[in-house]
Amino acid sequence: MNDIRLAIPLVGEVEDSAPRSAAGLPWIKVAGSYFVTEDGEAWTPIGQNDAVSWPELNGLFRRADMAGVEDHLRWLKESGVTCLRLMLEYAQVRHRYFEKPQGRFVPAMVQLWDDLFRLCE
């Protein structure tokens, strides 16, 4: 599972001397109205909209199908996707709340996000 390298560091202003991310990927920073890596290379976000309850990522919940999720992330990477857009919770499905009640984190959802970040690294 560790051969997927889809994670993209946070977008934002960083100093030129900033260290690389934990995954060894360069940080992305704003340069005028464009994005560049910390090495000055042009970087364009190519995104994918997904949801944690949609079929491709649903296997993350309670680790039901981690291999299927890994296959989906690999396919996205091979298709040129460089960033994912996901909602922290998906309120249209009963068991996908990040907090329930507010202020009390749902362990299964915390695990889901931990697993997703690990897979993306």
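Up top you'll find the structure we're talking about.
Residues numbered from 1 in each chain as written. Predicted model: local features only at pLDDT ≥ 70, side-chain atom pairs only at ≥ 80, totals over all residues. Heavy atoms only, no water.

A. Seen up close, the sheet that holds strand 1 (residues 28-31). Ordered by their spatial adjacency, 3 strands build an open sheet running 1-2-3, and the pairing between neighbours is antiparallel. Looking along the sheet, the strands with just one partner apiece sit at the ends: strand 1 and strand 3 (42-43). Pairing of strand 1 with strand 2 (residues 34-37) involves 4 bridges; the strand directions are antiparallel. Each bridged residue has a counterpart across the sheet, and for valine 30 the counterpart in strand 2 is phenylalanine 35. (Pairing = 2+ DSSP bridges. Helix = DSSP H or I, 4+ residues; strand = E, 2+ residues; numbered from the N terminus.)

B. Spatial organisation of the nonpolar core. Counting 19 residues, the largest nonpolar core has Leu60, Leu73, Met109, Leu112 and Trp113 as its most contacted members. The set of elements that each furnish at least two residues to this core consists of helix 1 (66-78) and helix 2 (107-120). No other element matches helix 2, which puts 7 residues into this core. The residues contacting leucine 60, other than those within four sequence positions of it, are Met66, Val69, Leu112, Asp115, Leu116 and Leu119. (Core = buried A, V, L, I, M, F, W, Y, C linked by side-chain atoms within 4.5 Å. Buried < 20%, exposed > 50% of the residue type's maximum accessible area, 1.4 Å probe, protein only. Contact = heavy atoms within 4.5 Å.)

C. Fine view of the pattern of salt bridges. According to the stated counting rule, one finds 4 salt bridges in the structure shown. In this structure, aspartate 115 engages arginine 63 in a salt bridge whose closest nitrogen and oxygen atoms are separated by 2.7 Å. On the criterion of sequence distance, the pair formed by aspartate 115 in helix 2 and arginine 63 in the loop between strand 4 (47-49) and helix 1 is long-range, its members being 52 residues apart. In this structure aspartate 115 comes out as buried when scored by relative accessible area, which is 2%. In this structure, a network of salt bridges that share partners links the residues Arg63, Asp115 and Arg118. (Salt bridge = Lys/Arg side-chain N within 4 Å of Asp/Glu carboxyl O.)

D. Quick peek at helix 1. For helix 1, which comprises 13 residues, the first-to-last C-alpha distance of 18 Å matches the rise-based estimate of 18 Å (1.5 Å per residue) to within 8%. Residues Met66, Val69, Glu70, His72, Leu73 and Leu76 constitute the buried set of helix 1. Along the axis of helix 1, the buried residues cluster in a sector spanning 160°; they form a single face. The exposed set on the far side of helix 1, more than 90 degrees from its buried face, consists of Trp75 and Glu78. Looking at the packing, one finds that the buried side of helix 1 touches strand 4, strand 5 (83-85) and helix 2. (Expected span 1.5 Å × (residues − 1). Arc of directions from axis to C-beta.)

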